[in-house]
Amino acid sequence: MRILVTGAGGQVGAELVEHSSAQGDEVLACDRSVLDITDRDAVLGVLLSNRPDVVVHTAAWTAVDACEADSARAYAANAMGARHVAEACRRAGSHLVHLSTDYVFSGDKSEPYDEWDSPDPRSVYGRSKLAGELEVAANGAAGATIIRISWVCGRYGANMVKTLLRLADSGAEPKFVDDQIGHPTIVGDLVPVLRRMAVERRPGLFHVTNQGAVSWYEFAREVFSAAGADPDRVSPITTAQLDPPRPAPRPANSVLANVAMGLSGLDPLRDFRESLPDLVAALRG
């Protein structure tokens with residue numbers, strides 16, 4: 001398979017490039033220096049000259065708080081970038097696998113969100129990512145796969161596991177919120193599913209996360225434990241107690257139910273607690 005990965009230098013993109021290469025794919029790894037997704041001509045040029053079988057679109061501006069202060073940049077990357085990639089996929093005959101986020105939901109629901117719940121984003125980041133989903137549908141990427149993920153942690157880029165390991169090593173006694181819950185997504189478990197969706201060209205919307213709903217406070221304790229640090233060093237606080245408060249609102253409940261995967265006969269990702277020791281060991285190594 002000839003696979004083009006946008007955002008190939010990011011958390012998901014970098015591990016997907018490694019995984020696909022190991023599977024024998026011809027991988028076109030496009031990081032930001034190679035392909036600016038906000039440049040329509042550049043996107044069309046790269047896709048139409050290479051005509052990959054599939055494009056996995058991982059590139060996005062994911063700095064949630066920064067998006068709140070610069071909505072134009074957020075929409076340029078997350079909405080217009082998706083528009084350009086979707087158009088180019090249609091014209092090149094490439095299947096599109098597009099990544100989205102739990103932030104498309106308000107977080108007000110008491111139960112997990114499934115694929116048929118109505119989005120209601122409260123942040124600029126969430127609205128721009130929802131706009132990206134709509135652009136994929138509106139711009140002719142027939143049969144595209146849209147995959148929502150949440151609380152992403154992997155070997156590359158900045159993420160909460162890396163932050164927590166630094167805190168564990170420093171002897172800090174951090175405080176984390178206990179009133180925001182979600183499903184962590186361990187990138188090493190995610191990328192084989194992304195590739196499978198690409199190979200099988202499965203259309204539609206899927207939630208793909210690890211299992212095990214936790215608060216950030218509970219997640220921090222799990223990371224400390226996996227790192228051999230005392231989890232009791234982590235203390236709970238509420239979102240209202242954050243000082244300073246975060247510029248962008250976070251969903252109180254961003255647990256994504258992986259219903260479409262189950263109904264499609266696909267096995268869910270394992271509980272994040274099974275994956276976390278492997279990730280911590282890789283980051284320590």
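Residues numbered from 1 in each chain as written. Predicted model: local features only at pLDDT ≥ 70, side-chain atom pairs only at ≥ 80, totals over all residues. Heavy atoms only, no water.

Novice: What's the story with the nonpolar core in this structure? I'm lost.
Specialist: Nonpolar side chains tend toward joint burial in soluble globular proteins. Grouped together as the largest cluster of nonpolar side chains are 25 residues, with contacts concentrated most on Val12, Val97, Ile147, Leu194, Phe206 and Val208. Elements with a contribution of two residues or more to this core: β1 (2–6), α1 (11–22), β3 (54–57), β4 (95–101), β5 (145–149), α7 (187–200) and α9 (259–263). Residues contacting Leu194, with those up to four places away along its chain left out, are Val12, Leu16, Val97, Leu99 and Ile147. One finds Trp151, Val177, Trp216 and Ala229 within the second-largest nonpolar core, a separate group that totals 23 residues. (Core = buried A, V, L, I, M, F, W, Y, C linked by side-chain atoms within 4.5 Å. Buried < 20%, exposed > 50% of the residue type's maximum accessible area, 1.4 Å probe, protein only. Helix = DSSP H or I, 4+ residues; strand = E, 2+ residues; numbered from the N terminus. Contact = heavy atoms within 4.5 Å.)

Novice: Explain the packing of aromatic side chains to me, please; I cannot follow it from the model alone.
Specialist: For any pair of aromatic rings, the description rests on two quantities: the centre-to-centre distance and the angle between the ring planes. Applying the stated rule across the entire model yields 6 aromatic pairs. Summarising the aromatic geometry, the rings of Tyr103 and Tyr125 are spaced 5.4 Å apart at their centres and angled 75 degrees between planes, so their arrangement reads as edge-to-face. With Tyr103 in the loop between β4 and α5 (124–138) and Tyr125 in helix α5, the pair connects residues that are 22 residues apart, well separated along the chain. Taken individually, Tyr103 and Tyr125 each receive the classification buried, so the pair is uniform in this respect. On the basis of an interplanar angle of 55 degrees and a centroid distance of 5.6 Å, the ring pair of Phe219 and Phe272 is categorised as tilted. Here Phe219 is found in helix α8 (residues 216–226), whereas its partner Phe272 is found in helix α10 (residues 272–284), with 53 residues between them in sequence. There is no split in this pair, since Phe219 and Phe272 are both buried. Sitting over the ring of Trp61, Arg73 keeps its end group 3.9 Å from the ring centre. Sitting above the plane of the Tyr113 ring, Lys109 keeps its charged end 5.6 Å from the centroid. (Phe/Tyr/Trp six-rings, centres within 6.5 Å; stacked < 30°, edge-to-face > 60°. Lys NZ or Arg CZ within 6 Å of the ring centre and 35° of its normal.)

Novice: I keep staring at the pairing of strand β2 (residues 26–30) and nothing clicks. Help me out?
Specialist: Look at any regular strand and the pattern is simple: side chains alternate between the two faces of the sheet. Where β1 lies against β2, 5 bridges are found, and the strand directions are parallel. The residue bridging Ile3 from the neighbouring strand is Val27, located in β2. Handedness of the crossover is the feature at issue here: the chain leaves β1, passes through α1, returns alongside β2, and the resulting connection is right-handed. (Pairing = 2+ DSSP bridges. Right-handed = clockwise from strand over helix to strand, strands pointing away.)

Novice: Just to check I follow, could you spell out the environment of Ile3 for this structure?
Specialist: In this structure, Ile3 sits in strand β1. It is 9.5 Å that separates the C-alpha atoms of Ile3 and Ser21, two residues lying 18 residues apart in sequence. Once residues lying within four places of it in the same chain are set aside, the contact partners of Ile3 are Ser20, Asp25, Glu26, Val27, Leu28, Val54 and Val56.

Novice: Please clarify how the sheet that holds β5 should be interpreted in this entry.
Specialist: In sheet architecture, strand pairing relies on hydrogen bonds along the backbone and comes in two forms, parallel and antiparallel. Taken in spatial order, the 6 strands of this open sheet run β2-β1-β3-β4-β5-β10, and their pairing is parallel. Of all the strands in the sheet, the pair left with one neighbour each is β2 and β10 (204–207). For this sheet, the mean inter-axis angle between neighbouring strands, taken without regard to orientation, is 20 degrees. Alignment of β4 against β5, held across 5 bridges, turns out to be parallel. (Axes fitted to C-alpha atoms, helices over the stretch in contact; angles between N-to-C directions.)

Novice: Honestly, the packing of α1 against α7 in this entry has me stumped. Any pointers?
Specialist: To describe two helices that pack against each other, one gives the angle between their axes and the distance between the axes. Viewed as axis vectors pointing N to C, α1 and α7 meet at an angle of 60 degrees, and their least axial separation amounts to 9 Å. Between α1 and α7 the crossing geometry is right-handed. Contacts from Gln11, Val12, Glu15, Leu16, His19 and Ser20 of α1 reach α7 at Val187, Gly188, Leu190, Val191, Pro192, Leu194 and Arg195. (Left-handed = near helix turned anticlockwise from the far one by under 90°.)

Novice: I keep staring at α7 and nothing clicks. Help me out?
Specialist: A turn of α-helix holds 3.6 residues, and therefore any two residues three or four places apart point the same way. Here α7 spans 20 Å end to end across 14 residues, near enough to the 20 Å set by a 1.5 Å rise per residue. Among all positions in α7, only Val187, Asp189, Leu190, Val191, Val193, Leu194, Arg195, Met197 and Ala198 are buried. Positive phi shows up at Arg201, right after α7, with a value of about 50 degrees. (Expected span 1.5 Å × (residues − 1).)

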